[in-house]
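# Observations on chain architecture
So the chains spell out like this:
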Amino acid sequence: MKLTILGCHSATPRTNTNPTAQILEIKNHMFLIDCGEGTQVELRRNKVKFSRVKHIFISHLHGDHYFGLIGLVNTFSLLNRETELHIYAPKGLKEVITLQMKLSGSWTNYPLIFHELSSKASELIYEDDKVEVYTIPLKHRIYTNGFLFNEKENERKLDINLVREANIDVAYYRKLKQGFDVVNEDGVLISNAKVTKDAVPPKSYAYCSDTAYHEAIVPLIKKSTVLYHESTFLEKNEKLCLPTRHSTAKQAATIAKKAEVETLILGHYSTRYNGYEDFKTEAQTVFENVVLAKDGKVFNFD
Ligand SMILES: [Zn+2]
């Protein structure tokens, strides 16, 4: 599992900071999460192949989370994309994008498929044999979802030397990976545990931005491998959280602690701050394993 931060600041794009967008690589997928202004430039800068982006998840319709989408959708067309593009977003986004395209006489030469969200309860919005994605309903000024990306259980690993020694036909390898005992070529039942190793534990990534402090998400993101939680403000500016429905670094850390996640990534910093070390220091008074998002930063969680 690998996370590339394309942008992690709130509000406006500036010379050296980008609004929110990130790429999550998980089980051969490249999921784009949010698409702030300038995302296509950052995708190029980070050498993400456009054709590999097939699913885009938009948390909410504040501009710093989706103003890059119309540009990206158009660029895909100009590049003669043929691959389907799925967009998971709050209801209304389809209207916005199609109106922009209609008024500019544009169209896509690839299937553009909207999955509009309106449920206030967590729901499964994507699933295949390796991954599932759930919404995480958040508490913000407008309808907002975070997203939980779960790897499914991995297969057991064959100890190939032991498998061969046990004289097991290749046709049974799949059964072994699935955890079954099998009969070898001499008709002897071989215990699975003798020739396989435990599967790598599945990983999960919880993306929560934007949101006020919201304990209701804790059961949904319990024991996630990684939690990205917005921390727009420091505690000294906590009074700004209520009208804007954002969180402080300390509040983000409190959610991380209650949810018993392994790693907390902070981001969505207000552009009022010049440095971000104070966010880490503040969060670490509550939860130890904190890292700071930074534009262009890559996190590997293997
Ligand atoms: Zn917002």
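Summary of the structure given here. (Residues numbered from 1 in each chain as written. Predicted model: local features only at pLDDT ≥ 70, side-chain atom pairs only at ≥ 80, totals over all residues. Heavy atoms only, no water.)

### Some details on the overall build of the protein chain
Along its length, the protein chain carries 10 helices and 18 strands. In terms of overall dimensions, the protein chain has a C-alpha envelope of 70 × 55 × 35 Å along the principal axes. A total of 302 residues make up the protein chain; the buried ones form 51% of that total. Look at the contacts in the protein chain between residues 6 or more apart in sequence, and 64% of them connect residues 24 or more apart. Roughly 14600 Å² of accessible area belongs to the protein chain as shown, and the carbon and sulfur atoms make up 50% of that amount. A distance of 4 Å separates the average location of the 39 positive side-chain charges in the protein chain from that of its 37 negative side-chain charges. (Helix = DSSP H or I, 4+ residues; strand = E, 2+ residues; numbered from the N terminus. Buried < 20%, exposed > 50% of the residue type's maximum accessible area, 1.4 Å probe, protein only. Contact = heavy atoms within 4.5 Å. Areas by Shrake-Rupley, 256 points an atom, 1.4 Å probe, with all protein chains shown as cover. Lys, Arg positive; Asp, Glu negative; His and termini not counted. Charge placed at Lys NZ, Arg CZ, Asp CG, Glu CD.)

### Some points on unusual backbone geometry
Here the bond from Ser 209 into Asp 210 is cis, since omega is 0 degrees, no more than 30 degrees from zero. Structurally, Asp 210 is set in the loop between strand 14 (204-208) and helix 7 (218-221). The phi angle at Asn 28 is positive, at roughly 70 degrees, despite the residue not being glycine. Tracing the backbone through its elements, the reader meets Asn 28 in the loop between strand 2 (21-26) and strand 3 (29-35). A relative accessible area of 73% means that Asn 28 is categorised as exposed. Positioned with a positive phi, His 268 is a non-glycine residue whose angle comes to about 60 degrees.

### Some points on the side chain of Thr 196
Within the element layout of this structure, Thr 196 appears in strand 13 (residues 196-197). Under the relative-accessibility criterion, Thr 196 is labelled buried at 8%. Polar side-chain contacts of Thr 196 include one of 2.8 Å to the side chain of Arg 156. A distance of 2.7 Å separates a polar atom in the side chain of Thr 196 from a polar atom in the side chain of Asn 192. (Polar contact = N/O pair within 3.5 Å; in protein donor to acceptor, adjacent residues only side chain to side chain.)

### Details of the sheet that holds strand 1 (residues 2-7)
Read from one edge of the open sheet, seven strands run 6-5-4-3-2-1-18, paired in mixed fashion. The strands lining the two open edges of the sheet, one partner per strand, are strand 6 (112-117) and strand 18 (298-300). For this sheet, the mean angle separating the axes of adjacent strands, direction not counted, is 20 degrees. Its contacts with the sheet place helix 2 (residues 69-78) against strand 3, strand 4 (53-57), strand 5 (85-90) and strand 6, and it is angled at close to 165 degrees to strand 5. Contacting strand 5 and strand 6, helix 3 (residues 93-103) runs over the sheet at an angle of about 145 degrees to strand 6. (Pairing = 2+ DSSP bridges. Axes fitted to C-alpha atoms, helices over the stretch in contact; angles between N-to-C directions.)

### Notes on the pairing of strand 9 (residues 145-151)
Regular strands have side chains that alternate between both faces of the sheet. Extensive coverage of strand 9 is indicated by the burial of seven of its seven residues. Of the two faces of strand 9, both are covered, the one formed by Asn 145, Phe 147, Phe 149 and Glu 151 as well as the one formed by Gly 146, Leu 148 and Asn 150. Taken together, the seven bridges between strand 8 (residues 131-137) and strand 9 define a ladder with antiparallel strand orientation. Bridge assignment links Thr 135 to a residue of strand 9, and that residue is Phe 147.

### Looking at the pairing of strand 6
Bridging between strand 5 and strand 6 involves six bridges; their strand directions are parallel. Within strand 6, the residue paired with Ile 87 across the bridge is Phe 114. In the classification by handedness, the crossover that spans strand 5, the intervening helix 3 and the parallel strand 6 is right-handed. (Right-handed = clockwise from strand over helix to strand, strands pointing away.)

### Some words on the pattern of salt bridges
Per the counting criterion, the structure on display carries nine salt bridges. We note a salt bridge from Arg 174 to Glu 155, for which the minimum N-O separation is 3.0 Å. Of the two residues, Arg 174 sits in helix 5 (residues 173-177) while Glu 155 sits in the loop between strand 9 and strand 10 (157-158), which places them 19 residues apart along the sequence. Taking the relative accessible area as the measure of exposure, Arg 174 reaches 49% and is therefore partly exposed. (Salt bridge = Lys/Arg side-chain N within 4 Å of Asp/Glu carboxyl O.)

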